[in-house]
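# Coordinate inspection notes
Here are the chains, one letter per residue:
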Amino acid sequence: MPEQVPQLVHRRTLAEGALHPSWRHVAADLAAEHTVICPDLRGYGASDKPAAATEDTYSKRTMAADVVALARALGHERFALAGHDRGALVAVRAGLDHPDAVTHLASLDVLPTLDMWDVLHGASASVAFHLYLMAQPPGLPEQMIAASADAFFGYFLDAWAGDPAVMPAEVRAEYLRASREAVDSIVADYRASAGIDVAHDRADRDAGRRLAMPVTVIQQDWGAALGYDAAAVWRAWAPDLEHRTTTAGHFMAEEAPGEIAEALRALLKR
């Protein structure tokens, strides 16, 4: 796990995105009242990037176990967990696998892995072209992305931001550097989400396992854009659910930090 853990999300709150700087504004806000831990996920940033020797190496189950182990190493047996995008997928898996550890859960701008694939259909699925690219067997995706890493990752930073100006040049440059240096592990993370992560989600759904803790989901209005009921999808996993849509772009913790911090404070009171 991280070589560096910025101690910036209550006494037992942990926030994760693939890279910890994405939480810089929210973490600084919440740190006035809470202990905030913002790790880089396995395979990202300053964290270890093991070779994907098996399909488990970058499964969300393995990455969730990393997060729980980190929290325990820092003295927190129970904690609230907030995640964005890849971090949110890890947070959901942590909530399912470690319900005794995760007291509250927040997910920003994703669907659970199994449902994510189910709602992508036809031409509208082109918005998620990168998911299909990185789902391919090892070799070609890594070569293609590494050959134009800044253009590839920069596309998402520009296209998915509601307001690109909220991401200063130095932060954008750091995201690009960190991504450029982690192409293999990033692709392995996404590839797992087209394989073993789907199998884990399906097994939980078949067994009737659900998130037992209070859950807050904040998303762009992808349901309207892609033609599904996002709140209903989440409610099947999380009976104690607050589902919100936001007018902020994908990088909402950076674009609307006050809104996200307020939602996390409200979650912690439930």
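All residue numbers refer to positions counted from 1 along the written sequence of the respective chain. The predicted origin of the model limits local features to residues at a pLDDT of at least 70 and limits the giving and counting of side-chain atom pairs to 80 or more, whereas totals for whole chains, interfaces and linings rest on all residues. The side-chain values count all of the structure's non-hydrogen atoms but skip hydrogen atoms and water molecules.

### Remarks on the overall build of the protein chain
- Numbering goes from the N terminus for both helices and strands, where a helix is a DSSP run of H or I of at least four residues and a strand is a run of E of at least two. Looking only at helices and strands, the protein chain has 14 helices and six strands in total.
- Atoms considered for the radius of gyration are the C-alpha atoms alone. The globule rule reads 2.2 Å times the number of residues to the power 0.38. Its C-alpha atoms give the protein chain a radius of gyration of 17 Å, within 12% of the compact-globule value 18 Å for 270 residues.
- The dimensions of the protein chain, computed from C-alpha atoms along their principal axes, are 45 × 40 × 40 Å.
- Considering the protein chain as a whole, with its 270 residues, one finds that 55% of them fall into the buried category.
- Within the structure as shown, the protein chain displays about 11200 Å² of accessible surface, and the carbon and sulfur contribution to it stands at 54%.
- Of the side-chain charges in the protein chain, 24 are positive and 37 negative, and the distance between the mean point of each set is 5 Å. The cut-offs for exposure are 20% and 50% of the maximum accessible area for each residue type, with area from a 1.4 Å probe on protein chains only; residues under the lower value are buried, those over the upper are exposed, and the others partly exposed. In short, Shrake-Rupley with a 1.4 Å probe defines the accessible areas, and a residue's cover is counted only from the protein chains shown. The sign given to each residue is positive for Lys and Arg and negative for Asp and Glu; His and the chain ends receive no count. The atom standing in for a charge is NZ when the residue is Lys, CZ when it is Arg, CG when it is Asp and CD when it is Glu.

### Some words on the environment of alanine 53
- Relative to the helices and strands, alanine 53 is located in the loop between strand 2 (36–37) and helix 2 (60–73).
- Along the primary structure alanine 53 and alanine 28 are separated by 25 residues, whereas in three dimensions their C-alpha atoms are 37 Å apart.

### Looking at helix 8 (residues 169–180)
- With 12 residues, helix 8 should reach 16 Å at 1.5 Å per residue; the first-to-last C-alpha distance of 16 Å fits that figure.
- Whether two residues touch is decided by their heavy atoms; if any such pair falls within 4.5 Å, the residues are in contact. Residues of helix 8 that are buried sit in contact with helix 1 (24–30), helix 7 (149–159), helix 9 (183–192) and helix 13 (252–255). Multiplying 1.5 Å by the residue count of a helix minus one yields the expected span of that helix.

### So, the pairing of strand 5 (residues 215–219)
- With five of its five residues buried, strand 5 lies for the most part within the structure.
- Residue alternation in strand 5 divides its side chains into two sets, Val215, Val217 and Gln219 and Thr216 and Ile218, and both sets are buried.
- Pairing between two strands is assigned when DSSP locates at least 2 bridges connecting them. One ladder, built from four bridges, connects strand 4 (residues 102–108) with strand 5; its direction is parallel. When the bridges of strand 5 are listed, alanine 106 appears paired with threonine 216.

### Some remarks on helix 2
- The terminal C-alpha atoms of helix 2 lie 20 Å apart, and with 14 residues this matches the ideal 20 Å at 1.5 Å per residue to within 8%.
- Turning to helix 2, its buried residues are Lys60, Met63, Ala64, Asp66, Val67, Val68, Leu70 and Ala71.
- Glycine 75, located one to two residues past helix 2, shows a positive phi value of around 95 degrees.

### Some details on the packing of aromatic side chains
- Pairs were defined over the aromatic rings of Phe, Tyr and Trp, the Trp ring being its six-membered one, requiring ring centres within 6.5 Å. Orientation was assigned from the angle between planes: stacked under 30 degrees, edge-to-face over 60, tilted for the rest. Using the criterion set out here, one finds seven aromatic pairs in the structure.
- Geometrically, the ring pair formed by phenylalanine 152 and phenylalanine 153 is edge-to-face, given 5.2 Å between the ring centres and 85 degrees between the ring planes. Comparing phenylalanine 152 with phenylalanine 153, the two get one shared label, buried.
- Linked through ring pairs, Phe129, Phe152, Phe153, Tyr155, Phe156 and Trp160 together constitute an aromatic cluster.
- One cation-aromatic arrangement involves arginine 86 over tyrosine 190; the distance from NZ or CZ to the ring centre is 3.7 Å. The criterion for a charge sitting over a ring is simple: Lys NZ or Arg CZ within 6 Å of the ring centre, and within 35 degrees of the ring normal.

### Brief notes about the packing of helix 6 (residues 140–147) against helix 9
- Angles run from 0 to 180 degrees between N-to-C directions of axes, and those axes are lines fitted to C-alpha atoms, restricted for helices to the stretch in contact. The N-to-C vectors of helix 6 and helix 9 enclose an angle of 130 degrees; their axes lie 10 Å apart at closest approach. In terms of orientation, helix 6 lies oblique with respect to helix 9. At the point where helix 6 passes helix 9, the crossing takes the right-handed sense. Facing helix 6, whose interface residues are Pro141, Glu142, Ile145 and Ala146, helix 9 presents Val183, Asp184, Val187 and Arg191.
- Each residue is assigned to one of three groups, with Ala, Val, Leu, Ile, Met, Phe, Trp, Tyr, Cys and Pro labelled nonpolar, Asp, Glu, Lys and Arg labelled charged, and all others, Gly among them, labelled polar. Residue composition of the contact of helix 6 with helix 9, grouped by class: five nonpolar, no polar and three charged. Under this scheme an angle from 65 to 115 degrees is roughly perpendicular, one under 35 degrees roughly parallel, and one over 145 degrees roughly antiparallel; angles in between are oblique. By the definition used in this description, the sense in which the near helix is turned from the far one sets the handedness, with an anticlockwise turn below a right angle giving left-handed and a clockwise turn giving right-handed.

### Concerning unusual backbone geometry
- The residue aspartate 85 is not glycine, and still its phi comes out positive at about 55 degrees.
- Checked against the element boundaries, aspartate 85 lands in the loop between strand 3 (79–84) and helix 3 (86–97).
- One non-glycine residue, aspartate 109, lies in the positive phi region at around 65 degrees.
- Residue position: aspartate 109 is located in the loop between strand 4 and helix 4 (113–119).

### Examining the packing of helix 6 against helix 7
- At a minimum axis separation of 4 Å, helix 6 and helix 7 run at an interaxial angle of 90 degrees. With respect to helix 7, the element helix 6 is oriented roughly perpendicular. Counting all contacts with helix 6, which are made through Ile145, Ala146 and Ala147, the residues of helix 7 involved are Ala149, Phe152 and Phe153.
- Residues that form the contact of helix 6 with helix 7 fall into these classes: six nonpolar, no polar and no charged.

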